[in-house]
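So the chains spell out like this:
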Amino acid sequence: MAWKKKAVSDEAVNAEELMKKYDRESNVRIWEGVPAKVVRYLCAAFSVYCIWVTLFSTMMPEEKLNLFLGLILIIGYLNYPVSKKHVRPNYIPWYDIVLLVIGAIPFFYCALHAHSIIKLAARVTRDPKMVAMAIIAILSYMELCRRCVGIPILCVVGVLLVYAFTNVRFGKVIYDLFYTTTGIMGTPINVCAKYIVVFIIFGAFLERTGISAFFINLANSIAGASAGGPAKVAVISSALCGMVSGSSVGNTVTTGSVTIPMMKRTGYKPEFAGAVEAAASTGGQIMPPIMGAAAFLMAEYMGIPYGQVALKAILPAVLYFAGIYIAVHLEARKLGLQGIPKEELPRFRALLPKVYLLLPLVVLVWLVATNKHTMQFSAAVAIGITILVGLYNNLVTIATKSQDKSDNLTFAKFFDALEAGAKSCITVAVACAMAGLVAGSVTSTGLASKLITAVVTISGGRIMIALLLTMLCCIVLGMGVPTTANYCIMASTCAPILITIGVPQVAAHFFVFYFGIVADITPPVALAAYAGSAIAKAPPMKTAFNASKLAIAAFIVPYIFAMNPAMLLVDTTTLQVLLVVASSILGIFGVAAGLNGYLFKAIHPVLRILLAAGGLLMMDPTVTTDAIGIVLMAAVILLQYILARKKAAA
């Protein structure tokens, strides 16, 4: 594609370096030759094992989870060095080998002796050897967490562990955290081993069949030629790619290396271009069906089917991306920007023959929606369909004698997908293990009830104050904690508080989930925005503030569905849903226009406030607020139109 070649040649971006700078997961060991093959086959074998376990295993949770944790520890230490300084080809220090071995042994031992340990119950901690193994295993995981996830979550874990050991009997804490399914083997790691791993592997296979490139081409054919087309392409492609990618930084770097240079050449300011990609990529984590792996955890915590979680997430996700799309359109109109010339864009007709690439996603959604099979079975079937689609793609390439074989599924790519799936599982599993320690500490000490009492006392029982305090906690925690772990921690601590003061369960969990995600674009630690600024060569803080403004829906919508959960399809009818959709989209238009300051012409500051206020009222799904909001918005829009016509006539 001409547009793609220009984007790459004009402003070459070292995606690998950016990922290493802004994404801790990318700071990995360098393996070459035979060691590289050993690590590669080990990771591939781990992926195959995970698929086999989810489909056929009859092991007890204590057996399955201990084996899973032990294997994660091994491939984790093989991939993540003690620091960036230790990254050199085929180098692993002796102490890492020691940590790998002594850290994994307790998990494998517990898996082999699961039945006898269960019979012993709390008496297992009377044996000093068993206590020592538990401590070694937990410390080994905490060190691996420091390497691949980061220190902030360790601070949270460390504080809670100290609190637990000083308030509860030592043996009881050790037993709860290591030998039961309420600690390190708690709900987060159980969901990770059961569902998340298979879906991560599915995403890795999808990427290697060319679906990401197909999504970007599709977005270009739809919106590339319109005003400010590249920015709209960034929004659409990030929303589509977000369905299979759970990393906001990774999504920013992957699609941003193409879209950000295009946006800059079109005329967008660098800080705005970087912000568009960062905000859109961060939204990938709220986009059904995968939602950055959090959807599976939400289903488990709330006790509702995964399909319902994905369904309830659709409208908020649509509003999020609609807000960004409207903002970039208004910015393009304000600056008088044009789109990409049509001759440089892929034609929609030319993409139709490749529509079969969507088959795995269609099959997955259908299997989940019918609810006839488990999620892990549905994901495994989708992986099989993806492989068949890749092989069919190979046949099409041969039949058409195409020179472009970049999307062909070769044997090497097959192993790449298995390897990439395993490596992507490491950080998620480690984060889930740490979240399990947090939840276990909270449960053992009864801290949750104390937190509920404290917040209810501070807020005086007023929902809005409690929501504000929870939002601040989520954003601060999210500055250093991955989305999955952030949600697990907040679901164990803050969500019960919101439920206690009257927020519906579904709304409470979605509230903490949303505000954990926006930390990736909220200053001062906005990693996705910083990655976008590096590609755009723009000031990081300016980019982060622009991204926060573009993603305003993510800051407003959670309050709306917390106060009135109709937006999450709770206790509502089809007519109410349609009204909520219409009023919410109009509302987000008003808010976006008010923040942007342009509608037909520049908007007076007073009118901007009225327009934004009208939009906010429209987003509150009640008849009274909708009526007031639409009057305010209609008045401002009509006045702007009249003033613009007069200016044009003059």
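Residues numbered from 1 in each chain as written. Predicted model: local features only at pLDDT ≥ 70, side-chain atom pairs only at ≥ 80, totals over all residues. Heavy atoms only, no water.

## Considerations on the overall build of the protein
For the record, the criterion: A helix here means a DSSP run of H or I that spans at least four residues, while a strand means a run of E at least two residues long, and both kinds are numbered starting from the N terminus. Radius of gyration: C-alpha atoms only; globule rule: 2.2 Å multiplied by the number of residues to the exponent 0.38. Burial status follows relative accessibility: with a 1.4 Å probe on protein chains alone, a residue under 20% of its type maximum counts as buried, one over 50% as exposed, and anything between as partly exposed. For this analysis, residues touch if any pair of their heavy atoms sits within 4.5 Å. Reported accessibility uses the Shrake-Rupley method at a 1.4 Å probe radius. Residues are deemed covered only where the shown protein chains occlude them. Residues scored as charged are limited to Lys and Arg (positive) and Asp and Glu (negative), so that His and the chain ends carry no count. By convention, charge coordinates are those of NZ in Lys, CZ in Arg, CG in Asp, or CD in Glu.
Across its full length, the protein carries 31 helices and 2 strands. Against the compact-globule benchmark of 26 Å for 650 residues, the protein has a radius of gyration of 25 Å, which places it among compact chains. The principal-axis extents of the C-alpha atoms in the protein amount to approximately 90 × 70 × 50 Å. When the 650 residues of the protein are sorted by exposure, 58% land in the buried category. Nonlocal contacts in the protein, meaning residues at least 24 apart in sequence, comprise 78% of its contacts between residues at least 6 apart. Split by element, the accessible area of the protein, about 26200 Å² in all, is 68% carbon and sulfur. One finds the centroid of the 49 positive side-chain charges in the protein at a distance of 4 Å from the centroid of its 28 negative side-chain charges.

## Side note on the packing of aromatic side chains
How we decide: Aromatic rings from Phe, Tyr and Trp, taking only the six-membered ring of Trp, are treated as a pair when their centres fall within 6.5 Å; an angle between ring planes under 30 degrees marks them as stacked, one over 60 as edge-to-face, and anything in between as tilted.
Enumeration according to the criterion identifies 25 aromatic pairs in this entry. Note on tyrosine 320 and phenylalanine 321: the rings are 5.4 Å apart at their centroids and 80 degrees apart in plane angle, and the pair reads as edge-to-face. Taking the centre distance of 5.2 Å and the plane angle of 65 degrees together, the rings of phenylalanine 411 and phenylalanine 415 count as edge-to-face. Placement of both phenylalanine 411 and phenylalanine 415 in helix 21 (residues 411-445) is noted, with a separation of 4 residues, approximately one turn of the helix. Grouped by ring-pair contacts, the aromatic residues Tyr301, Tyr487, Phe510, Phe513, Tyr514 and Phe561 constitute a single cluster.

## Some words on unusual backbone geometry
In this structure, lysine 537 takes a positive phi of about 55 degrees despite not being glycine. Tracing the sequence through the fold places lysine 537 in the loop between helix 26 (527-536) and helix 27 (540-550). Positive phi values are uncommon outside glycine, yet phenylalanine 600 reaches one of about 70 degrees.

## Looking at the confidence of the model for the protein
Heads up, the rule is: Residue-level confidence of the predictor, termed pLDDT, takes values from 0 up to 100.
With 92% of its residues at a pLDDT of 70 or more, the protein shows a mean pLDDT of 82. Contacts of residues 1-13 to residues separated by more than four positions or lying in other chains number 26 contacts, the stretch itself having pLDDT below 50.

## A short note on the pattern of salt bridges
Any two side chains of opposite charge can pair, on the condition that their charged atoms come close. Stated precisely, the cut-off is as follows: A side-chain nitrogen of Lys or Arg and a carboxyl oxygen of Asp or Glu constitute a salt bridge if their distance falls within 4 Å.
Taken as a whole and assessed by the stated rule, the structure comprises 9 salt bridges. In this structure, the salt-bridge partner of arginine 40 is glutamate 419, at a minimum N-O distance of 3.0 Å. Note that arginine 40 is positioned in helix 3 (residues 33-56) and glutamate 419 in helix 21, a separation of 379 residues in sequence. Aspartate 176 is paired through a salt bridge with lysine 172; the nearest N and O atoms lie 2.7 Å apart. A residue pair is termed a helical-turn pair when its members lie 3 or 4 positions apart in one helix, as aspartate 176 and lysine 172 do in helix 9 (residues 170-179) at 4 residues. Judged by its relative accessible area of 11%, aspartate 176 is buried. One salt-bridge network, held together by shared partners, links Arg29, Asp96, Glu143, Arg146 and Arg147.

## What to know about helix 15 (residues 294-302)
With 7 of its 9 residues buried, helix 15 lies for the most part within the structure. Looking at helix 15, one finds that the buried residues are Ala294, Ala295, Phe296, Leu297, Met298, Ala299 and Met302. Tucked into the core, helix 15 has its buried residues touching helix 10 (187-207), helix 16 (306-312), helix 20 (375-400), helix 24 (483-500) and helix 25 (505-517). One or two residues past the end of helix 15 sits glycine 303, with phi positive at roughly 70 degrees.

## What about the state of the cysteines?
Here, the word disulfide means a covalent bond between the sulfur atoms of two cysteines. The test is simple: When two cysteine sulfur atoms are found within 2.5 Å, that pair is recorded as a disulfide.
Per the counting criterion, the structure on display carries 0 disulfides. Of the cysteine sulfurs around cysteine 110, a residue in no disulfide, the closest is that of cysteine 192, at 19 Å. Under the relative-accessibility criterion, cysteine 110 is labelled buried at 3%.

## A look at the environment of proline 539
Its place among the elements puts proline 539 in the loop between helix 26 and helix 27. Residue classification places proline 539 among the partly exposed residues on the basis of a relative accessible area of 40%. Along the primary structure proline 539 and glycine 274 are separated by 265 residues, whereas in three dimensions their C-alpha atoms are 9.6 Å apart. Setting aside anything within four residues of it in sequence, one finds proline 539 in contact with Glu271 and Ser533.

## Concerning the packing of helix 17 (residues 314-335) against helix 29 (residues 574-596)
Here is the rule: The angle between two axes is taken between their N-to-C directions and runs from 0 to 180 degrees, where each axis is a line fitted to C-alpha atoms and a helix contributes only its stretch in contact. Handedness of each helix crossing follows the sense of rotation of the near helix against the far helix: counterclockwise by less than a right angle gives left-handed, clockwise gives right-handed. Only Asp, Glu, Lys and Arg are considered charged in this grouping, and only Ala, Val, Leu, Ile, Met, Phe, Trp, Tyr, Cys and Pro are considered nonpolar; every other residue, Gly among them, is considered polar.
In contact at an axis separation of 9 Å, helix 17 and helix 29 are set at 35 degrees when each is read in the N-to-C sense. You can see that helix 17 and helix 29 cross each other, and the crossing is right-handed. Residues Leu315, Leu319, Ala322, Gly323, Ile326, Ala327, Leu330, Glu331 and Lys334 of helix 17 touch helix 29, and the partners they reach there are Val580, Val581, Ser584, Ile585, Ile588, Phe589, Ala592, Ala593 and Asn596. Taken together, the residues that form the contact of helix 17 with helix 29 break down as 13 nonpolar, 3 polar and 2 charged.

## Quick notes on a nonpolar patch on the surface
Heads up, the condition is: What goes into a patch is any residue over 30% in relative accessible area without a salt bridge, connected to like charges within 9 Å or, for nonpolar side chains (Val, Leu, Ile, Met, Phe, Trp, Tyr), within 5 Å.
Residues Trp94, Ile97, Val98, Val101, Ile102, Ile105 and Ile136 make up a contiguous nonpolar surface patch of about 630 Å² in total accessible area. Broken down by element, the nonpolar patch gets its largest block of residues, 6 residues, from helix 5 (residues 94-112). Structurally, the position occupied by valine 98 is in helix 5. We classify valine 98 as partly exposed; its relative accessible area is 37%.

## Quick look at the packing of helix 4 (residues 61-79) against helix 10
For clarity, the threshold we go by: Throughout, the term roughly parallel applies to angles under 35 degrees, roughly antiparallel to angles over 145, roughly perpendicular to angles from 65 to 115, and oblique to all others.
Look at helix 4 against helix 10: their axes get within 10 Å of each other, and the N-to-C directions meet at 80 degrees. On the basis of their axis angle, the class for helix 4 and helix 10 is roughly perpendicular. Note on element contacts: helix 10 touches helix 4 through Ile189, Asn190, Cys192, Ala193 and Val197, opposite Leu65, Phe68 and Leu69. Residues that form the contact of helix 4 with helix 10 fall into these classes: 7 nonpolar, 1 polar and no charged.

## What about the nonpolar core?
Definition in use: Definition of nonpolar core: a set of buried residues of the types Ala, Val, Leu, Ile, Met, Phe, Trp, Tyr and Cys, connected through side-chain atoms within 4.5 Å.
Grouped together as the largest cluster of nonpolar side chains are 210 residues, with contacts concentrated most on Phe68, Tyr141, Tyr179, Ile189 and Met434. Top element by residues in this core is helix 21. It accounts for 18 residues. Methionine 434 has contacts with Tyr141, Met142, Cys145, Ile153, Leu154 and Val157, leaving out every residue within four places of it along the chain.

## Some words on helix 5
For an α-helix the count is 3.6 residues per turn, leaving residues at separations of three or four pointing the same way. Cut-off, in case you're wondering: Helix span, expected: 1.5 Å multiplied by one less than the number of residues in the helix. Throughout, the bend at a residue refers to the angle made by two axes, fitted to the seven residues ending there and to the seven starting there.
Between its terminal C-alpha atoms helix 5 stretches 27 Å, which fits the 27 Å expected from 19 residues at 1.5 Å a residue. If you look at helix 5, its biggest bend is around 25 degrees, right at isoleucine 105, and the proline proline 106 turns up within four residues after that. Within helix 5 the residues assigned to the buried category are Asp96, Leu100, Gly103, Ala104, Pro106, Phe107, Cys110 and Ala111.

## Here's the deal with the side chain of serine 281
The test is simple: Polar contact is the term for a pair of N or O atoms within 3.5 Å; when the atoms are in protein, one must be able to donate a hydrogen and the other to accept it, and sequence-neighboring residues count only if both atoms are side-chain atoms.
Relative to the helices and strands, serine 281 resides in helix 14 (residues 270-282). Among the residues examined, serine 281 registers a relative accessible area of 1% and is labelled buried. In this structure the side chain of serine 281 is engaged in a polar contact, spanning 2.6 Å, whose partner is the side chain of glutamate 277. Beyond its immediate stretch of four places on either side in the chain, serine 281 contacts Ser238, Ser248, Asn251, Thr252 and Thr255.

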